[in-house]
Amino acid sequence: MKYDDVNIGSTDNAGLLSYTLEKSGTHAISASKGGYLTVMRDIDVLAPFSDFKAISININPDVLMTGKTTVIRSNVTNAGTMKDTLR
């Protein structure tokens, strides 16, 4: 098998090959065997990322006054592809 025209190894008897992708972007992968057609395909590889989004924001009290304490709460979620937390 080839990844971006570089040999990355051969499949096992079940036709499987494990390979760790290092760079995001569009890459070409191909498989070949003597006497058969070579098959090629472009694949899109994404880098894991965190994407925090506020789902809701609550403000208490509803009417804000200068010089008074206000409590603001937000429900935030990670919509990205990588597990991560905000601190």
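Coordinates for the structure precede this section.
Reading the values: rules and limits
- Residues numbered from 1 in each chain as written.
- Predicted model: local features only at pLDDT ≥ 70, side-chain atom pairs only at ≥ 80, totals over all residues.
- Heavy atoms only, no water.
- Helix = DSSP H or I, 4+ residues; strand = E, 2+ residues; numbered from the N terminus.
- Patch = residues over 30% accessible without salt bridge, like charges linked within 9 Å, V, L, I, M, F, W, Y side chains within 5 Å.
- Areas by Shrake-Rupley, 256 points an atom, 1.4 Å probe, with all protein chains shown as cover.
- Salt bridge = Lys/Arg side-chain N within 4 Å of Asp/Glu carboxyl O.
- Lys, Arg positive; Asp, Glu negative; His and termini not counted.
- Charge placed at Lys NZ, Arg CZ, Asp CG, Glu CD.
- Buried < 20%, exposed > 50% of the residue type's maximum accessible area, 1.4 Å probe, protein only.

**Things to note about unusual backbone geometry**
The omega torsion across asparagine 60 and proline 61 is 5 degrees, close enough to zero to call that bond cis. Here the phi dihedral of aspartate 4 falls at roughly 50 degrees; this positive angle occurs in a residue that is not glycine. As for its position among the elements, aspartate 4 is in the loop between strand E1 (2-3) and strand E2 (6-7).

**Here we look at a negative patch on the surface**
Together, Asp4, Asp5, Asp42 and Asp44 line one region of the surface with negative charge. Here aspartate 42 lies in strand E4 (residues 39-45). Among the residues examined, aspartate 42 registers a relative accessible area of 55% and is labelled exposed.

**Brief notes about the pattern of salt bridges**
The tally for this structure, following the rule as stated, stands at one salt bridge. As a salt-bridge pair, lysine 53 and aspartate 51 come within 3.8 Å of each other at their nearest N and O atoms. When its relative accessible area of 44% is taken as the criterion, lysine 53 is described as partly exposed. Taking the relative accessible area as the measure of exposure, aspartate 51 reaches 27% and is therefore partly exposed.

**Quick word on the environment of serine 56**
Following the sequence through the fold, serine 56 ends up in strand E5 (residues 52-60). Sequence-wise, serine 56 and alanine 31 are 25 residues apart; in three dimensions their C-alpha atoms are separated by 48 Å.

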